[in-house]
Amino acid sequence: MSVNRQFLLQARPEGPIKHSDFKLFEGALPEINEGEVLVQVLLVALEPAMKGWMEARVDYVAPMQIGDVMRGRGLGRVIESDNTAFPEGTLVMGGFGWQEYAASRGVDLTILPEGITPEAAMNVLGITGLTAYFGMMDIGKPEAGETVLVSGAAGATGSVAGQLAHLSGARVVGIAGGRVKCDWLVDDLGFAGAIDYKAGELAEQLKALAPDGVNVFFDNVGGDILDLGLENIADRARVVLCGGISRYNETGPLAGPKNYFNLIYRRARMEGFIVIDYAKRFPEASSYLVDHLRSGELKHHETVLDGFEQLPQALMDLFTGGNIGKQLVRVAD
């Protein structure tokens, strides 16, 4: 335990992320100061937003610089402590980055709730779960009997967002890639139906599952999927713009939605959001999500790769649909 392996940003991605965009670095183990703790990282969560941080294309957080340790949230165990709030052995979540050990003063650490597995915590209680909560409950505002459409529904954010709508009494339709993912949405998560975008005839599938239109559209994909949703919104619909994974690897000019004028015809609303704007309300969301995890009403699935060296591949897999639910890397047992 004398070396701390880290992945550094070596190059800004041009098009899809490549292994050469990262540098594996071996540094010294962090030394803690008064009031700090040393955390051994056990799990790291992967987020589509990481690509934007690497490219410095986002403007709501400071851009990453070449040579920086890759950003990322993780879960770890306190192995050395000078902070009474976090004794040795405590399991904590925080922004540790892509490294095996991290020192922290504890101000950004959250203790793993009792009765919640580490994998579930990094999934439902992580940034993607919080994003699903505020996007669906604050902006989408699903009501009993309404039809809710979720794109990227088998991903970490979409799967939680859809379940939250289902818990509100709405009828939920998901869009995902492949029969396995679609079956998971319906059989395990309680979705009313699922559209396999790889099977073609998307418009026909949606018309069959939402003949009266869509009241809430929670979009994680953008592009043609966003146009499809806009074409099928009902009167007074709410369109929640959460992400646009279809455009993340594009390098040329990006086309906007063709069917935006339907917002006028249907007197509908389309709104984007950033989850960090809700930071003061994170405890509210976490409490709700923990309660429904413990009750078994919120289900979850994680795709886990083993080994610290798998971090770049795990991030690349997010953009090829290789995961069901949350993409994690197990750094240590």
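Summary of the structure given here. These numbers come from a predicted model, not from an experiment. Residue positions are counted from 1 within each chain, in the order its sequence is given. Only residues with pLDDT of 70 or above have their local features reported here, since the model is predicted, and side-chain atom pairs are shown and tallied only from 80 upward, although totals for entire chains, interfaces and linings are computed over all residues. Each side-chain value is derived from all of the structure's non-hydrogen atoms; neither hydrogens nor water enter the calculation.

**As for the pattern of salt bridges**
To keep it simple, the criterion reads: A pair is scored as a salt bridge if a Lys or Arg side-chain nitrogen falls within 4 Å of a carboxyl oxygen belonging to Asp or Glu. Numbering goes from the N terminus for both helices and strands, where a helix is a DSSP run of H or I of at least four residues and a strand is a run of E of at least two.
The full count for this structure, using the stated rule, is 13 salt bridges. Between R238 and E146 there is a salt bridge; the shortest N-O distance is 2.7 Å. Of this pair, R238 sits in strand β12 (residues 233–241) while E146 sits in the loop between α3 (127–140) and β8 (147–151), and the two are 92 residues apart along the sequence. With its nearest N and O atoms 3.9 Å apart, the salt bridge here joins D235 to R267. Taken as a pair, D235 in strand β12 and R267 in the loop between α8 (262–265) and β13 (269–272) lie far apart in primary sequence, 32 residues in all. A single network of salt bridges, built from pairs that share partners, joins E119, D306 and R330.

**Quick look at the packing of aromatic side chains**
As a reminder of what qualifies: In this analysis, rings of Phe, Tyr and Trp, with Trp reduced to its six-membered ring, are considered paired at centre separations within 6.5 Å, and the interplanar angle assigns stacked below 30 degrees, edge-to-face beyond 60, and tilted for intermediate values. Exposed residues in this analysis have more than 50% of their type's maximum accessible area, buried residues have under 20%, and partly exposed residues fall in between, with area computed by a 1.4 Å probe over protein chains only.
Considering all chains together, one arrives at 10 aromatic pairs under this definition. Here the aromatic rings of Y133 and Y288 are separated by 5.5 Å at their centres, their planes lie at 55°, and the arrangement is tilted. Within this pair, whereas Y133 is found in helix α3, its partner Y288 is found in helix α9 (residues 282–295), the two being separated by 155 residues in sequence. Assessed through its relative accessible area of 23%, Y288 is described here as partly exposed. With centroids separated by 4.4 Å and ring planes inclined at 15°, the aromatic side chains of F134 and Y278 adopt a geometry described as stacked. Taken together, the positions of F134 in helix α3 and Y278 in the loop between β13 and α9 put the pair 144 residues apart, joining distant regions of the chain. Each member of the pair, F134 as well as Y278, is classed as buried. Through pairs of rings, three or more aromatic residues link up here, namely Y133, F134, Y278, F282 and Y288.

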